[in-house]
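Commentary on secondary and tertiary structure
Each chain, written out:
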Amino acid sequence: MNVINGIENYNNSSKTILTIGTFDGVHLGHQKIISSLVANAKHQKLQANILTFFPHPRMVLQKENNLKLIDTLKEKEKLLSDLGINNLIVQPFSKEFSKLSAIEFVRDILVNKLRVSTLMIGYDHHFGKNREASVEDLIKYGETYSFEVNVIPAQDVSSIIVSSTKIRNAIKESNFKKVSQFLGRSFELNGKVIKGDGLGRTIKFPTANIEIKETYKLIPSRGVYLVEVYFEGNQYSGMMNIGNRPTLNGFNQTIETHIFDFDENIYDKSLKVFLLKKIRDEKKFDSLTTLKKQLIKDEEICKRTLRE
């Protein structure tokens, strides 16, 4: 899959089948649309393209919006690539871009630049300045500019009772069973391992401290989690602590993963961590000895859960 940053950098002259959206989470509903897009493109021997926006439009247009996203842009790119998309056009979203009229968006971008032959779009899609145009308007533009509009009907969308908002709420509630049902996979965190204070190793619970630079990434609530870890092609089980380490009077949030039966130096390496289940909330203990006893219990719970 080619990733093109900015519509102006898309220079492919081939006709395309296109869909448009933010696709946060690339959940089962998104996957249904994209699989249809790819299948139609292959049948017609056309390019299967997606136009997406970053930052998320709500981050730009809504004042004091604290929206956090299920996927980072890199995570989304990987997920879409795996689904067989030819080109992902990532358009920087700004207030200036949002002021494009419907006719400018269709004529200048969809037709002249992206060479759309068929546009697959949700039944409730709106576009243009102030979301002024509807799907009905889009169909009329299609007649004018000779492209087909394939509308995904309400029953197809509602038959998969999933949305990015529902998934975000399920993550916040630590309902990872529901999250995996909606996503078709477990929720993931990706980051580089950075040096901590080494305290975990002194109590025989060494941890990989993961740095996630994307501040817009949704981080689950504080606590201990059963996780699955992928490192350099190998899979491990482990437990992750998200929190401020109150036993040590910490203030900054850390994401620390103890990988079971693992003892390698992995500083500056990248980890992919899937969250499977929340074991408990974050607690403050009166001593490191008490903390270690609890960590032993946590590990036992995690390993028992894996055997169930």
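Right above here is the structure, for reference.
Residues numbered from 1 in each chain as written. Predicted model: local features only at pLDDT ≥ 70, side-chain atom pairs only at ≥ 80, totals over all residues. Heavy atoms only, no water.

Observations concerning the side chain of Asp71
The residue Asp71 is located in the loop between α2 (57-61) and α3 (73-82) in this model. Only 3.0 Å separates the side chain of Asp71 from the backbone nitrogen of Gly25, close enough to count as a polar contact. Those residues in contact with Asp71 that sit more than four places away from it in its chain are Asp24, Gly25, Val26, Lys76, Leu79, Arg185, Tyr216 and Lys217. (Helix = DSSP H or I, 4+ residues; strand = E, 2+ residues; numbered from the N terminus. Polar contact = N/O pair within 3.5 Å; in protein donor to acceptor, adjacent residues only side chain to side chain. Contact = heavy atoms within 4.5 Å.)

Structural notes on the side chain of Glu299
Tracing the backbone shows Glu299 in helix α11 (residues 288-307). Glu299 sits in the buried class, given a relative accessible area of 16%. (Buried < 20%, exposed > 50% of the residue type's maximum accessible area, 1.4 Å probe, protein only.)

Things to note about the sheet that holds strand β6 (residues 148-152)
If you trace the six strands from one edge of the open sheet to the other, you get β1-β4-β3-β2-β5-β6, paired in parallel fashion. Edge positions in the open sheet fall to β1 (2-5) and β6, since each of these has one partner strand only. On average, adjacent strands in this sheet sit at an angle of 25° to one another, irrespective of strand direction. In terms of strand pairing, strand β2 (residues 16-20) meets strand β3 (residues 47-54) through five bridges, oriented parallel. For Ile17, the partnering residue across the bridge sits in β3 and is Ala48. (Pairing = 2+ DSSP bridges. Axes fitted to C-alpha atoms, helices over the stretch in contact; angles between N-to-C directions.)

A look at the packing of helix α8 (residues 164-172) against helix α9 (residues 176-183)
As a packed pair, α8 and α9 sit with axes 8 Å apart at the nearest point and diverge in direction by 155°. Overall, the two elements α8 and α9 adopt an arrangement that is roughly antiparallel. Judged by the twist between their axes, the crossing of α8 over α9 is left-handed. Contacts between α8 and α9 involve Lys166, Ile167, Ala170 and Ile171 on the former and, on the latter, Phe176, Lys178, Val179, Phe182 and Leu183. The residue makeup of the contact of α8 with α9, split by class, is seven nonpolar, no polar and two charged. (Parallel < 35°, antiparallel > 145°, perpendicular 65-115°, else oblique. Left-handed = near helix turned anticlockwise from the far one by under 90°. Nonpolar A, V, L, I, M, F, W, Y, C, P; charged D, E, K, R; others polar.)

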